[in-house]
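# Secondary and tertiary structure notes
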Amino acid sequence: TSKMKKLGVALVGLGSYSTYQLAPALKDAEHCYLAGIVTGTPKKEKEWMEKYGIPQSNVYNYDNFDTIANNDDIDIVYVVLPNSMHADFSIRAAKAGKHVICEKPMAVSVDECDAIIEACKKANVKLSVGYRMQSDPYTNEVKRLVKEKPFGNVQYVSSDAAYISRGNPGQWRLNKSLSGGGALVNMGVYSIQSNIYGVGMNPISVSAQEFSTRPDYFKNTDETITAQMEFPNGTVAHMFTSHNANANRLFVSFEKGWIELNPCHSYGPLSGRTSKGETIAYPHKSQQMLQMDDFAKHILTGTPNVTPGEMGKRDMIIVEAIYKSISEGGKQIS
Ligand code: NDP
């Protein structure tokens, strides 16, 4: 496989995730590399060109972005912008004939997810969501234990994804028009994902509650949300997400034991254990590298797309049901 062509990736939006995670991971990836950049900040252009050996011809801004269609060096456009910009740039990337990776949350509404999926289908390009956990070995061990049942059937799952936000109150994550929501869309999507692979199927309903203790800081985005999901096999799962507490854990209880990952949603190394006293441990690898290589292999060789657009849309359906349960009360069908 090492003789296979490496696909060229263009990162759109050179903020902290692109700078500290994705660009370094692309240096180590086997099937893709950093070929281009799209930025609205001119001073980043020279820095990135020098650091990553990117030619001027592979540098774009948000206005001339669509001309990337004419650039054969770029196979994949990776949208790493504030959430409310994901749909626009993912659709423009598809129209430019490029495969698309769209960061999580996929968009700020189910309708936008549909529009992205539709645009990629129409342009005949591949689409994935930046769910790095789906390429992580710890996550895949959870999936295996759920499927192969060495501890019997799953009976209860609980997951937490939360951190304390104390930064600049003007940051885009706290501005609903750019973020589409608060803790739920930023961190809650990890809990939604964990509960789903923890149970091994999609939920049929959600009930949710919202809590707020620092309304002066969290002016128009949700601070803390808990939710319960109901699954077709009768399993119940709980989730906790917050911008006002630190929690990072997945607990799966089976008929004959349990497994726990803690931490479970961070960049790693992660850590896991079972009721038998065993540890779950793997040599550390960049999740971002594994994720981008998985997508490149999908494009190059037709291996499964582990994070298709439909998965991002499914999670946004659940996000919308959670917000609906908070505003209207009761169980909402997701
Ligand atoms: P940052 O705020 O650090 O960076 C966002 C970048 O987007 C900016 O640096 C800027 O890049 C560009 N941008 C364009 N318009 C705006 C605007 N109006 N306001 C702010 N920035 C703008 O965010 P992150 O890198 O942390 O997050 C970006 C995306 O990645 C989000 O969707 C987030 O959810 C996702 N993410 C995913 C993670 C994961 O683990 N999968 C982890 C972290 C983030 P430029 O100057 O180049 O124009």
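These remarks concern the structure in this document.

Calculation criteria
Residues numbered from 1 in each chain as written. Predicted model: local features only at pLDDT ≥ 70, side-chain atom pairs only at ≥ 80, totals over all residues. Heavy atoms only, no water. Phe/Tyr/Trp six-rings, centres within 6.5 Å; stacked < 30°, edge-to-face > 60°. Helix = DSSP H or I, 4+ residues; strand = E, 2+ residues; numbered from the N terminus. Buried < 20%, exposed > 50% of the residue type's maximum accessible area, 1.4 Å probe, protein only. Pairing = 2+ DSSP bridges. Contact = heavy atoms within 4.5 Å. Axes fitted to C-alpha atoms, helices over the stretch in contact; angles between N-to-C directions. Near = heavy atom within 4 Å. Polar contact = N/O pair within 3.5 Å; in protein donor to acceptor, adjacent residues only side chain to side chain. Areas by Shrake-Rupley, 256 points an atom, 1.4 Å probe, with all protein chains shown as cover. Nonpolar A, V, L, I, M, F, W, Y, C, P; charged D, E, K, R; others polar. Domains from an automatic or database assignment.

Moving on to the packing of aromatic side chains. Per the stated rule, a full pass over the model turns up 8 aromatic pairs. When the centroid spacing of 5.2 Å and the interplanar angle of 80° are considered together, the rings of Tyr138 and Tyr282 count as edge-to-face. Placement of the pair is Tyr138 in helix H5 (residues 137-148) and Tyr282 in the loop between strand S14 (279-280) and helix H8 (287-301), with a sequence separation of 144 residues. With relative accessibility at 5%, the residue Tyr138 sits in the buried group. Pairing Phe151 with Phe254 gives two aromatic rings, centres 5.5 Å apart and planes at 25°, and the pair type is stacked. Here the residue Phe151 occupies a position in the loop between H5 and strand S7 (154-162), and Phe254 occupies one in strand S11 (residues 247-254), the gap between them amounting to 103 residues. Across this residue pair, the class does not change: Phe151 and Phe254 are buried.

Attention now moves to the sheet that holds strand S1 (residues 7-12). Strand order in the open sheet formed by 6 strands is S3-S2-S1-S4-S5-S6, with parallel pairing between adjacent strands. In the strand order of this sheet, the two ends are held by strand S3 (59-60) and strand S6 (127-129), each with one partner. Direction of pairing for strand S5 (residues 99-102) relative to S6: parallel, over a ladder of 3 bridges. By the bridge assignment, Val100 is partnered in S6 with Leu127. In the packing of helix H2 (residues 42-52) onto the sheet, contacts are made with S1, strand S2 (32-38) and S3, and the angle to S2 comes to roughly 165°.

Take the sheet that holds strand S10 (residues 236-242) next. Strand order in the open sheet made by the 9 strands is S14-S13-S12-S11-S7-S10-S9-S8-S15, with mixed pairing throughout. Taken across any chain shown, the strands that pair with only one partner, and hence form the sheet edges, are S14 and strand S15 (332-333). Here S11 runs beside strand S12 (residues 257-261); their pairing, made up of 5 bridges, is antiparallel. Note that in S12 the partner of Ser253 across the bridge is Trp258. In the packing of helix H7 (residues 183-199) onto the sheet, contacts are made with S7, strand S9 (224-230), S10 and S11, and the angle to S7 comes to roughly 160°.

What follows deals with the site of the ligand. Residues in close proximity to the ligand total 25 residues, the closest being Thr39, Thr41, Lys44, Tyr62 and Arg132. In this structure, Ser16 approaches the ligand through a main-chain N or O atom, which is 2.8 Å from an oxygen atom. Between Thr41 and the ligand, the recorded distance is 2.4 Å, taken from a side-chain N or O atom to an oxygen atom. The fraction of the free accessible surface of the ligand (890 Å²) that becomes covered by protein chains is 82%. For the shell around the ligand, the class distribution of residues is 11 nonpolar, 9 polar and 5 charged. Split by domain, the shell around the ligand shows at least three residues from each of two domains, domain 1 (7-130) and domain 2 (133-283 + 309-333).

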